[in-house]
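# Chain and residue survey
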Amino acid sequence: MTVSPLPERAATAPAGTRRLVRTLYASAFCDEFVLLYPVYALLFSDTGLSVWQTASLFGLWSLTGILLEVPSGAWADAVSRRLLLILGPLLTAAGFALWVLAPSYGAFALGFVLWGAGGALGSGALEALVYDELERAGAAAHYARVMGRARAIGIAATMSAMGLAGPVFARGGYDAVGAASVLACLAAAAVATRFPEHRTPSGGERWSATLRAGLADARADRSVRGALLLVPAVTAVWGALDEYTPLLAHDTGVAAETVPWLLLVIWAGATAGSLLAGAAERLTANAFAALLTGSALALAVGGLAGTPAALVLVALAFGGFQLATVLADARLQQRIDDTGRATLTSVAGLGTELGNLATYGAYAAAATAWGHGTAFALSALPYVLTALLLAGAARTTAAAARARRRSRRSPS
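Report on the accompanying structure. What you see is a predicted model, and the numbers here were worked out from it, not measured in a lab.

What follows is about the overall build of the protein chain. Each helix and strand counted, the protein chain has 17 helices and zero strands in total. Within the protein chain, buried positions represent 50% of all 412 residues. Summed over its atoms, the accessible surface of the protein chain is roughly 17900 Å², and 66% of this surface lies on carbon and sulfur atoms.

Printed below as a string of structure tokens:
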């Protein structure tokens, strides 16, 4: 895997990107402002589902995303990416409506399939549309900054939804939080209609042909392959760990009502990482490796300490990993061309989904044997390995460059 700095950023974004950026930020907020997030597990339990039934729903959700991730990316390259960004929230809205109108295992399962399909439609299509529109306006170097802010807004929306879910649930129960979630999805679909899209879809091609062409580009270009692998390498593990942060916080000995406040600290760290993406977008490979190493050490120490104060270290780790996630995506977009952009972004998303599943299994085994703190600490190891690979690749590249310079200076 290789990482190189992005090109010099323009001083200011051209005016032509304002509509794109405003739409992106509004879309990021609406997509994550879902009041059902903190209570849907309770809905399943109150409906009478067992733990294993609930686990099977999560598995179905992941499987749907895995199966549809890459085909949906290829479809986005073959048709309008904006269209997919409109359809995705509508499918999710239908799934949430099913949950509250007909709560049952079958309705929950169908809802998760719709939710997974909606997420897959947007994955790849969004990044591709934003990068291409920025590139058209001569502002492609702003991609990391723009996407970092969008992700920060999404996290803020999630935290806002967590704060509002309690009062809304107290007044109207599951029907109220469900209705609010459906409305948020409908708002996201409406906002998506405002995305500018100047690209002409390759409508004459089947999505399978688009997929083959995108994968051929990755096989032919080593830098694309490296950037493609880097995305799941930095995203998958911490993206799965966020499901377990409440358990880690509770294991520090605090009362249950204190856990949400500790989670806010952790996610404040992730938000800060997103906002730093613009300033850090030109990190060299060695600096990127140092970022991963420092974040991994913070995660390990914060997890093993077992105290509420040490969760600040976990927050710093999540901030570093979030920053690395945005930068890895930016480097991938820089290296692929328009025709297969959504396809290859979705391939990276598939790698992340598979990495998430592997992390869930490894975490369950480690936490069962040694506890949540140790499981978090062990989860830092993949990042140390990734950092070592990046540093080694940087040394190899530097040595090859020196050898080329010496060969040019030597007499023939």
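Attention shifts here to helix α5 (residues 105–122). Compared with the 26 Å implied by 1.5 Å per residue over 18 residues, the 26 Å span of α5 between its first and last C-alpha is a close match. Directly beyond the C-terminal end of α5, a positive phi value near 95° is found at Gly-124.

We now examine the pattern of salt bridges. Tallied over the entire structure, the rule returns four salt bridges. Note that Arg-81 is salt-bridged to Asp-77, the shortest N-O span being 2.5 Å. Between Asp-132 and Arg-81 there is a salt bridge, with its nearest N and O atoms 2.5 Å apart. Here the residue Asp-132 occupies a position in helix α6 (residues 125–136), and Arg-81 occupies one in helix α4 (residues 81–101), the gap between them amounting to 51 residues. Of the two residues, Asp-132 and Arg-81, neither departs from the other in class, the shared state being buried. Several salt bridges share partner residues, and in doing so they unite Asp-77, Arg-81, Asp-132, Glu-135 and Arg-341 into one network.

Moving on, we come to the packing of aromatic side chains. Under the criterion given, the structure shown has 26 aromatic pairs. Ring centres 6.2 Å apart and planes at 45° place the aromatic pair Trp-238 and Trp-267 in the tilted group. Here Trp-238 is found in helix α9 (residues 222–241), whereas its partner Trp-267 is found in helix α11 (residues 259–275), with 29 residues between them in sequence. Taken as a pair, Trp-238 and Trp-267 share a single burial class, namely buried. A ring pair is formed by Tyr-363 and Phe-376, whose centres lie 5.7 Å apart and whose planes are at 85°; its orientation type is edge-to-face.

At their nearest, the axes of α6 and helix α15 (residues 341–370) sit 8 Å apart, and the two run at 135° to each other. As far as their axial angle goes, α15 and α6 are oblique. Judged by the twist between their axes, the crossing of α6 over α15 is right-handed. Listed contacts from α15 to Ala-125, Glu-127, Ala-128, Tyr-131, Asp-132 and Glu-135 of α6 are Arg-341, Ala-342 and Thr-345. Taken together, the residues of the contact of α6 with α15 break down into four nonpolar, one polar and four charged.

In globular proteins that are soluble, nonpolar side chains generally tend to be buried together. Core analysis: the biggest nonpolar cluster contains 85 residues, and Leu-24, Val-130, Phe-195, Phe-288, Leu-292, Leu-299 and Phe-318 have the highest contact counts within it. A per-element tally of this core places helix α14 (residues 311–335) first, with twelve residues. Among residues more than four places away in sequence, those in contact with Leu-292 are Val-234, Phe-321, Ala-324, Tyr-383, Thr-386, Ala-387 and Leu-390. Leu-49, Ala-161, Ala-165 and Val-177 belong to the second-largest nonpolar core, a separate cluster that totals 22 residues.

The first and last C-alpha atoms of α15 sit 42 Å apart over 30 residues, in line with the 44 Å expected at 1.5 Å per residue. One or two steps after α15, the chain reaches Gly-371, where phi turns positive at roughly 100°.

We now examine the environment of Gly-154. Locating Gly-154 in the fold gives a position in helix α7 (residues 143–192). C-alpha of Gly-154 to C-alpha of Phe-29: the two residues are 125 residues apart in sequence and 5.0 Å apart in space. If we skip the residues at most four places from it in the chain, Gly-154 touches Ala-28 and Glu-32.

Right, let's talk about the environment of Cys-185 for a bit. Within the secondary structure layout, Cys-185 lies in helix α7. Taking the C-alpha atoms as reference points, Cys-185 and Val-34, 151 residues apart in sequence, are found 7.9 Å from one another.

What follows deals with the environment of Gly-95. Note that Gly-95 resides in helix α4. For the pair Gly-95 and Val-113, spaced 18 residues apart in sequence, the C-alpha separation works out to 7.8 Å. When sequence neighbours within four positions are dropped, the list of residues in contact with Gly-95 reads Gly-111 and Leu-114.

For the rest of this paragraph, the subject is the side chain of Thr-23. With respect to the helices, strands and loops of the structure, Thr-23 is situated in helix α1 (residues 18–32). Relative accessible area serves as the criterion here: at 6%, Thr-23 is assigned to the buried category. Looking at Thr-23, its side chain comes within polar contact range of the main-chain oxygen of Arg-19, at 2.7 Å. Ignoring any residue separated from it by four or fewer positions in sequence, one finds Thr-23 in contact with Val-191, Arg-194 and Phe-195.

So, about the packing of α6 against α14. Viewed as axis vectors pointing N to C, α6 and α14 meet at an angle of 65°, and their least axial separation amounts to 11 Å. Between α6 and α14 lies a crossing of right-handed hand. Contacts from Glu-127, Ala-128 and Tyr-131 in α6 reach Asp-329, Gln-333 and Gln-334 in α14. Partitioning the contact of α6 with α14 into residue classes produces two nonpolar, two polar and two charged.

Rules and cut-offs
- Residues numbered from 1 in each chain as written.
- Predicted model: local features only at pLDDT ≥ 70, side-chain atom pairs only at ≥ 80, totals over all residues.
- Heavy atoms only, no water.
- Helix = DSSP H or I, 4+ residues; strand = E, 2+ residues; numbered from the N terminus.
- Buried < 20%, exposed > 50% of the residue type's maximum accessible area, 1.4 Å probe, protein only.
- Areas by Shrake-Rupley, 256 points an atom, 1.4 Å probe, with all protein chains shown as cover.
- Expected span 1.5 Å × (residues − 1).
- Salt bridge = Lys/Arg side-chain N within 4 Å of Asp/Glu carboxyl O.
- Phe/Tyr/Trp six-rings, centres within 6.5 Å; stacked < 30°, edge-to-face > 60°.
- Axes fitted to C-alpha atoms, helices over the stretch in contact; angles between N-to-C directions.
- Parallel < 35°, antiparallel > 145°, perpendicular 65-115°, else oblique.
- Left-handed = near helix turned anticlockwise from the far one by under 90°.
- Contact = heavy atoms within 4.5 Å.
- Nonpolar A, V, L, I, M, F, W, Y, C, P; charged D, E, K, R; others polar.
- Core = buried A, V, L, I, M, F, W, Y, C linked by side-chain atoms within 4.5 Å.
- Polar contact = N/O pair within 3.5 Å; in protein donor to acceptor, adjacent residues only side chain to side chain.

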